[in-house]
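Listed below, chain by chain, are the residues.
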Amino acid sequence: MGFSAISSSCCGVGWKSSSLFTPMNFAQISGSNGVDFSHKQSRKFVSPRASVSADPLLVKAARGEPVNRPPAWMMRQAGRYMAVYRKLAEKHPSFRERSETTDLIVQISLQPWEAFRPDGVIIFSDILTPLPAFGVPFDIEEVRGPVIQSPIRSEEDLKALHPIDLEKLHFVGESLRILRKEVGEQAAVLGFVGAPWTIATYIVEGGTTRTYTNIKSMCHTAPHLLRSLLSHLTKAIAEYIIYQVESGAHCIQIFDSWGGQLPPDMWELWSKPYINEIVRVVKQKCPQTPLVLYINGNGGLLERMKGTGVDVIGLDWTVDMADGRKRLGSDISIQGNVDPAYLFSPLPAITNEIKRVVNSAGTKGHILNLGHGVLVRTPEEAVAHFFDVARSFNFDSTVKNYAVGEPNMVA
């Protein structure tokens, strides 16, 4: 389907951030105020948007609409477990090059699509990709991973930040437009972002960490500083999501990867309000775009996650799917949650686990996925089998009448 025949799911008006460091005191906000976006004319990004009836299976499941089988995709479905990716990485050893060059992004994103035909094609990128666009340069080292040479730990450090410059992320928009054209409506094109808390952990800690001592102590020693940082990230991430949707993403996943490192009461204070605000702003601009929230180690946060207003909650593999569905209820969709290590098991064991997860989730409002990303050295045969099993389900007319979340008992 050509783009010219498709209408936009977001408003086509540009926007700019409001005052740079005005902290969002969410505890005192009554729901409608937070980030103030003032409008100006700017470059439009035409959003490929089909009619509801033509929406991909994944989008329908995200909205809780009836589907004839569970749509399936995998976190990290493009990556080092694929021989074709490893061969490409030998020619282009820099991860930044691979994830910031349009041709390479598209090629890598389409590798699993061409091999396995998943129901979601996620852009090959990183949650840290937008950082330089708002004033936080970073490097990725072979052993240490992401490194931020100038972490933000003082009011003076905050001065380095500026409103997000989406032109510096042109390769993301270009890649999404191409992916949408390549995939059409056969699968959902997925964009993603990191949640403010998770992005802040890298910015404050200076890279990856196992203890999170700097940012956790900042909650108590410099709360105003941390709120200012999180507020700035919230504005930038909301704009970045809308940019991805207007560039062609059907659906956006928000990764609060390190939200599970917070005690639930601290997550309620330091992560949830900022996710709430992102959801509010995005839903104003792009009301038809499903938003997924995933937190690694989210067993203690499920009910709180539901309160953010997202459309889909991603479960990690440590949560029993039946228990997760019971706790979250039938009015929200869920995603997951096969243990990635299952893909190293014999194929019949993988089949049985997928059936258990799908039966526990129910026939509506479920996107089949792993409970975390695909592991390095995962056999490609197992990944192919995962998607074959997903396609083998058939929610017949009797089963399709079940309520969201009821076991479908598909053999």
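Residues numbered from 1 in each chain as written. Predicted model: local features only at pLDDT ≥ 70, side-chain atom pairs only at ≥ 80, totals over all residues. Heavy atoms only, no water.

## Some words on the confidence of the model for the chain
- Within the chain, residue pLDDT values average 88, and 84% of them lie at 70 or more.
- This model gives residues 1–8 a pLDDT under 50, and the stretch forms 15 contacts once residues within four places in sequence are excluded.
- Low confidence marks residues 397–411, where pLDDT is under 50. Its contacts with residues over four positions away, or in another chain, come to 31 contacts. (pLDDT = per-residue confidence, 0-100. Contact = heavy atoms within 4.5 Å.)

## A closer look at the pattern of salt bridges
- What the rule picks out here adds up to 17 salt bridges.
- Residues R69 and D119 are paired through a salt bridge, measuring 2.9 Å at the closest nitrogen-oxygen approach. Pair noted here: R69 is in the loop between helix 1 (57–62) and helix 2 (83–91) and D119 is in the loop between helix 4 (102–116) and strand 3 (120–122), with a separation of 50 residues, a long-range link.
- Take D119: its relative accessible area is 8%, and that puts it in the buried class.
- Of the charged contacts in the structure, one is a salt bridge between D311 and K283, with a shortest N-O distance of 2.7 Å. With a gap of 28 residues between them, D311 in the loop between helix 12 (302–306) and strand 9 (312–314) and K283 in helix 11 (residues 272–285) connect regions that are remote in the sequence.
- Relative accessible area serves as the criterion here: at 21%, K283 is assigned to the partly exposed category. (Salt bridge = Lys/Arg side-chain N within 4 Å of Asp/Glu carboxyl O. Helix = DSSP H or I, 4+ residues; strand = E, 2+ residues; numbered from the N terminus. Buried < 20%, exposed > 50% of the residue type's maximum accessible area, 1.4 Å probe, protein only.)

## Quick word on the environment of L226
- For L226, the location among the structural elements is in helix 9 (residues 223–246).
- We classify L226 as buried; its relative accessible area is 0%.
- Residues within four places of L226 in sequence aside, it is in contact with W197, I215, M218, C219 and W270.

## Some thoughts on the packing of aromatic side chains
- Scanning the entire structure with this criterion turns up eight aromatic pairs.
- Arranged with centres 5.7 Å apart and planes meeting at 85°, the rings of F192 and F255 form a pair that is edge-to-face. On the criterion of sequence distance, the pair formed by F192 in strand 6 (residues 188–194) and F255 in strand 7 (residues 251–255) is long-range, its members being 63 residues apart. Note on accessibility: F192 and F255 belong to one class, buried.
- Ring pairing ties together the aromatic residues Y85, F95 and F124, which thus form one cluster.
- R96 extends its terminal NZ or CZ atom over the ring of F138, reaching a point 4.1 Å from the ring centre. (Phe/Tyr/Trp six-rings, centres within 6.5 Å; stacked < 30°, edge-to-face > 60°. Lys NZ or Arg CZ within 6 Å of the ring centre and 35° of its normal.)

## A closer look at helix 8 (residues 213–221)
- Every buried residue of helix 8 is listed here: I215, M218 and C219. All buried residues of helix 8 fall inside an arc of 110° around its axis, so they share one side. Every exposed residue of helix 8 that faces more than 90 degrees away from the buried side is listed here: H220 and T221.
- Here the buried face of helix 8 lies against helix 7 (196–205), helix 9 and helix 10 (264–270). (Arc of directions from axis to C-beta.)

## Some points on the packing of helix 8 against helix 9
- It is at 6 Å that the axes of helix 8 and helix 9 come closest, and there the two elements cross at 115°. Across from I215, M218, C219, H220 and T221 in helix 8, the residues of helix 9 making contact are P223, L225 and L226.
- Taken together, the residues that form the contact of helix 8 with helix 9 break down as six nonpolar, two polar and no charged. (Axes fitted to C-alpha atoms, helices over the stretch in contact; angles between N-to-C directions. Nonpolar A, V, L, I, M, F, W, Y, C, P; charged D, E, K, R; others polar.)

## Some words on the sheet that holds strand 11 (residues 366–370)
- The strand order across the open sheet built from seven strands is 3-6-7-8-9-10-11, with neighbouring strands paired in parallel fashion. Of all strands in the sheet, those with a lone pairing partner are strand 3 and strand 11, marking the two edges. For this sheet, the mean angle separating the axes of adjacent strands, direction not counted, is 25°.
- The sheet contact formed by strand 3 and strand 6 spans three bridges and is parallel. Following the sheet pairing, G120 is matched in strand 6 by A188.
- Against the sheet, helix 6 (residues 170–183) contacts strand 3 and strand 6, and its axis sits at roughly 155° relative to strand 6. (Pairing = 2+ DSSP bridges.)

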